[in-house]
Amino acid sequence: MTTNQYDLAIVGSGGAAIAAAVAASRQQARIVMVERGVIGGTCVNIGCVPSKTLLRGTEIYHQAGQHPFAGLETSAGRVTLPETIRQKDTLVEQLREQKYTALIADYGWELVRGEASFLDSETLQVAGRKIRANAFIIATGAAPRVPPITGLEQGGYLTSTTALALTEVPNSLFVIGAGYIALELGQIFSRLGTEVTPVQRGTHFLNGYEPETDELMRAVLAEQGIDVITEAQIEQVEGGERGRRVHLTVRGKPQIREASHVLVAAGRTPNTAALNLHAAGVRTDGRRAVIVDGHLSTSNPKVWAVGDVTLSPQFVYVAAYEGRLAAENALLGSGRTVDFTALPAVIFTDPQIAVVGLTEAEAVEQGLAVKSTVLPLEAVPRAQVNHDTAGLIKLVIEAGSERLLGVHVVSENAGR
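Residues numbered from 1 in each chain as written. Predicted model: local features only at pLDDT ≥ 70, side-chain atom pairs only at ≥ 80, totals over all residues. Heavy atoms only, no water.

Colleague: Give a detailed account of the nonpolar core, specifying residues and quantitative values.
Modeller: Ranked by size, the top nonpolar core spans 34 residues in total, and within it Phe-189 and Phe-205 carry the most contacts. Where this core is concerned, the elements lending two or more residues are α3 (48-65), α4 (81-107), β8 (172-176), α7 (180-191), α8 (211-223), β16 (344-347) and β17 (352-357). Counting residues per element, this core draws most heavily on α7, which supplies five residues. Counting residues in hydrophobic clusters, the runner-up holds 32 residues, among them Val-44, Ala-139, Leu-325 and Ala-326. (Core = buried A, V, L, I, M, F, W, Y, C linked by side-chain atoms within 4.5 Å. Buried < 20%, exposed > 50% of the residue type's maximum accessible area, 1.4 Å probe, protein only. Helix = DSSP H or I, 4+ residues; strand = E, 2+ residues; numbered from the N terminus.)

The following block contains the structure:
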């Protein structure tokens, strides 16, 4: 078993890992990257890229079938989903090569294939090799979390990964969860003709968003035929030849819902199980996420962790930002601290939901005196011109100083 010494060892090859490696390369560091699967991580392979291209495609299909302009007759033809999926897969392969694989060759760091596992606080074992480094960055991402629901495994289910690979349009889709993944995938299939029913345990399905946003989006989705069920507890899933029967309790009353498919979109679990972090002295929390401080350092001073494996805000630009920061802290001792004060977030439904800064509740929790104003989109001339007035703009402002604390927009192209 050979042993190799590096300045920096990076476990993972997604957006966070690539950003860390590029930053380290600029410091002339000797770098090794370890990847057990497909290069590129979640975003390009099974996340942002495939979901957003299908969202755009189904949006165009929907608009062809129905739009608000008088005298303009259009129609939507049949859906040939295998062709759409092939086009999506081709795009994924192209971007994986351009944005990930090519960078490894251009910058020249070493890529090792295999499952990484810590032997001790400064040694990895990968495919029979021992890899020692002055610093390590864990960037292994996360995978769909599957809740322990009776009968779910036996009955069969989709995740965001497998749903994006379907080549037949489901007749109906029962969605466990109502977060951004559930809503985006739900709208994709709804526009292809699937009956979609997201279900959420909480009172509000958009947790952490403004109540005005939650109320408006529930109404808009209902108009689109997507009926979100809240305050529900799923008891059991039964599988059969004709589909699935879901037993649930809604506000204390039992119900049975039938669907051809069940989609699990109930959050994500960090990919840490195989890393043997205990041997490295790296602590995790109850969700198996790596615990980091504001500098992205772990309980082992030689190890940093970035991106979804820490359950940071799960956006590729957050992962890339953290990757660069961690590399600089690890190699240069920069002591840079993560700052998400002005972090934007977008849910790419129609209408889109875009936010930056604090909600009104968060500002109050911080002890700030706040005032807010809400402008319905029907009062915006451009929205009237577009005949698309479903939306709102909410501003959260600090009283007295008039400092803008948060902006919350629901509208067409809100994320632009």
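There's plenty left to go through after this.
Colleague: For the packing of helix α1 (residues 15-25) against helix α10 (residues 316-332), give the residues involved together with the corresponding values.
Modeller: Packing of α1 against α10 leaves a shortest axis separation of 7 Å and a crossing angle of 35 degrees. α1 and α10 meet at a crossing whose hand is right-handed. Residues Gly-15, Ala-16, Ala-19, Ala-20, Ala-23 and Ala-24 of α1 lie in contact with α10, whose contacting residues are Val-316, Ala-319, Ala-320, Gly-323, Arg-324, Ala-327 and Leu-331. The class makeup of the residues in the contact of α1 with α10 is ten nonpolar, two polar and one charged. (Axes fitted to C-alpha atoms, helices over the stretch in contact; angles between N-to-C directions. Left-handed = near helix turned anticlockwise from the far one by under 90°. Contact = heavy atoms within 4.5 Å. Nonpolar A, V, L, I, M, F, W, Y, C, P; charged D, E, K, R; others polar.)

Colleague: Requested: an account of the pairing of β17, with residues and values cited.
Modeller: Here β16 pairs with β17 via four bridges, running antiparallel. Its bridge partner lying in β17, Pro-344 is registered against Val-356. In this antiparallel pair of consecutive strands, β16 and β17, the connection spans four residues. Direction of pairing for β17 relative to strand β20 (residues 404-411): antiparallel, over a ladder of six bridges. From the neighbouring strand, Gly-357 faces β20, where its bridge partner is Gly-406. (Pairing = 2+ DSSP bridges.)

Colleague: Can you break down the side chain of Thr-230 residue by residue, with the values?
Modeller: With respect to the helices, strands and loops of the structure, Thr-230 is situated in the loop between α8 and β10 (232-240). Separated by 3.2 Å, the side chains of Thr-230 and Arg-251 make a polar contact. Dropping the residues within four chain positions of it, Thr-230 is found in contact with Gln-200, Gly-202, Thr-203, Phe-205, Arg-218, Val-250 and Arg-251. (Polar contact = N/O pair within 3.5 Å; in protein donor to acceptor, adjacent residues only side chain to side chain.)

Colleague: Any chance you could break down the environment of Leu-377 for me, citing the residues and the numbers?
Modeller: By secondary structure assignment, the location of Leu-377 is in the loop between β18 (370-376) and α12 (381-385). When the C-alpha atoms of Leu-377 and Ile-176 are compared, they prove to be 31 Å apart, with 201 residues separating the residues in sequence. If we ignore the near neighbours within four places in the chain, the residues touching Leu-377 are Ala-383, Asp-388, Thr-389, Ala-390, Gly-391, Leu-392, Ile-393, Val-410 and Ser-411.

Colleague: Which residues make up the sheet that holds strand β11 (residues 243-250), and what are the values?
Modeller: Strand order in the open sheet formed by three strands is β10-β11-β12, with antiparallel pairing between adjacent strands. In this open sheet, the two edge strands, each paired with only one partner strand, are β10 and β12 (253-259). Taking the axes of each pair of neighbouring strands and ignoring which way they run, one obtains an average angle of 20 degrees across the sheet. Sheet topology places β11 next to β12; seven bridges connect them, and they run antiparallel. Residue pairing for β12: Arg-245 is matched across the bridge by Glu-258.

Distances and angles like these do not, on their own, reveal function.
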